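Observations on chain architecture
What follows is each chain in one-letter form.
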Amino acid sequence: MDTTPAISRFDEFYKTTTPPWVIGEPQPAVVELEKGGLIRGKVLDVGCGTGEHTILLTGLGYDVLGIDFAPAAVEQARRNAEAKGVVARFEVADAMNLPGEPRYDTIVDSALFHIFDDADRPKYVASLHNACRPGGTVHVLALSDQGRGFGPEVSGETIRDAFADGWELEALEPATYRGVVTEVHTDAIGLPIGTRVDEPAWLARARRF
Ligand SMILES: C[S@@+](CC[C@H](N)C(=O)[O-])C[C@H]1O[C@@H](n2cnc3c(N)ncnc32)[C@H](O)[C@@H]1O
């Protein structure tokens, strides 16, 4: 798959706007995962955006790498970490082509899974399988089809199907994803630009065989 157009789209988005997922703090659902003891070992923050989860977890002492395929996102993540006084690691990398050697015990996907269509989702999950150690865990926080169109949405069934082979889906729970209303949402959400919203999401935990 040629990801170049998608990279340019996201890169341009970071350069010209403040995207609706940039909230200046980690997602509450990810904060709760950490408090619940569900993050361990070497951690990959996949599609890290401006790096809030990498910064949070690095600051708490975890060994974390944040990756994003948009160079502008990685630049902003590095600046964000510096501003927060955390020495965090970020790289430009494609989540669809994670290295074949399984290196990570925990992979955090906050709002990446839900952007993939039916054709790309299996390739993405295969890439996660390559990167995750046997017995390791992938956490997926994805906007739910119960939502009102804040962004791309998926059903619980879509998540279940995606992790049907090579994984045990240990949990699939309703959750929320925090974002900021922008001009693209005025029809779907009907709230003033800049309003913070907690949108319906799924929080899934898949263990790699
Ligand atoms: C909706 S944003 C979520 C960012 C962040 N995880 C958060 O929750 O704030 C999705 C991110 O995934 C990145 N992304 C999309 N496709 C990717 C891919 N194939 N490889 C790596 N990053 C990707 C985008 O550049 C964007 O930063």
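Residues numbered from 1 in each chain as written. Predicted model: local features only at pLDDT ≥ 70, side-chain atom pairs only at ≥ 80, totals over all residues. Heavy atoms only, no water.

**Comments concerning the layout of surface pockets**
- The space that makes up the largest pocket amounts to roughly 850 Å³.
- Lining the largest pocket are 43 residues, and of these Phe10, Trp21, Ala111, Leu112 and Ile115 sit closest to its centre.
- Ranked by residues supplied to the lining of the largest pocket, first place goes to helix H1 (residues 4-16) with five residues.
- The class makeup of the residues in the lining of the largest pocket is 24 nonpolar, eleven polar and eight charged.
- Considered as a void within the structure, the second largest pocket measures approximately 170 Å³ in volume.
- What lines the second largest pocket is simply Asp118, Arg121, Pro122, Val125, Ala126, Thr158, Asp161, Ala162, Ala164, Asp165 and Trp167.
- Those elements that provide at least two residues to the lining of the second largest pocket are helix H5 (120-131) and helix H6 (156-162).
- If one sorts the elements of the lining of the second largest pocket by residue count, H5 sits on top with four residues. (1 Å grid on protein atoms, 1.4 Å probe; cavity = no way out; pocket = protein on both sides within 12 Å on 5 of 7 lines; lining within 4 Å. Points joined across faces, edges and corners; volume = space filled by probe spheres on them. Helix = DSSP H or I, 4+ residues; strand = E, 2+ residues; numbered from the N terminus. Nonpolar A, V, L, I, M, F, W, Y, C, P; charged D, E, K, R; others polar.)

**A short note on the nonpolar core**
- Ile107, Phe113, Tyr124, Ile159 and Phe163 are the most contacted members of the largest nonpolar core, which has 29 residues in total.
- Contact partners of phenylalanine 163, with chain neighbours within four places excluded, come to Phe113, Val125, Leu128, Val140, Leu169 and Ala206.
- Within the second largest apolar cluster, 18 residues are counted, among which are Val30, Leu33, Ala111 and Leu143. (Core = buried A, V, L, I, M, F, W, Y, C linked by side-chain atoms within 4.5 Å. Buried < 20%, exposed > 50% of the residue type's maximum accessible area, 1.4 Å probe, protein only. Contact = heavy atoms within 4.5 Å.)

**With respect to the environment of alanine 175**
- Along the chain, the position of alanine 175 falls in strand E6 (residues 167-180).
- Taking the C-alpha atoms as reference, alanine 175 lies 8.9 Å from leucine 143; in sequence the two are 32 residues apart.
- Ignoring sequence-local partners within four residues, the contact set of alanine 175 consists of Leu141, Glu199, Pro200, Ala201, Trp202 and Leu203.

**Side note on the pattern of salt bridges**
- For the coordinates displayed, the defined rule picks out 16 salt bridges.
- Of the charged contacts in the structure, one is a salt bridge between arginine 40 and aspartate 105, with a shortest N-O distance of 4.0 Å. Here the residue arginine 40 occupies a position in the loop between helix H2 (28-35) and strand E1 (42-46), and aspartate 105 occupies one in strand E4 (residues 104-110), the gap between them amounting to 65 residues.
- Using a relative accessible area of 11% as the deciding quantity, one classes aspartate 105 as buried.
- Linking aspartate 120 and lysine 123 is a salt bridge whose minimum nitrogen-to-oxygen distance equals 3.7 Å. (Salt bridge = Lys/Arg side-chain N within 4 Å of Asp/Glu carboxyl O.)

**Regarding the side chain of glutamate 34**
- Note on placement: glutamate 34 falls in helix H2.
- Despite its burial, glutamate 34 pairs with no opposite charge, the nearest such side chain being lysine 35 at 7.2 Å.
- Of the polar contacts made by the side chain of glutamate 34, one reaches the side chain of tyrosine 62; its length is 2.7 Å.
- Residues contacting glutamate 34, with those up to four places away along its chain left out, are Ile39, Leu57, Leu60 and Tyr62. (Lys, Arg positive; Asp, Glu negative; His and termini not counted. Polar contact = N/O pair within 3.5 Å; in protein donor to acceptor, adjacent residues only side chain to side chain.)

**Regarding the state of the cysteines**
- Taken as a whole, this structure holds zero disulfides when the rule is applied.
- Not part of a disulfide, cysteine 48 finds its nearest cysteine sulfur in cysteine 132, a span of 18 Å.
- Looking at cysteine 48, the relative accessible area reads 7%, which means it is buried. (Disulfide = S-S within 2.5 Å.)

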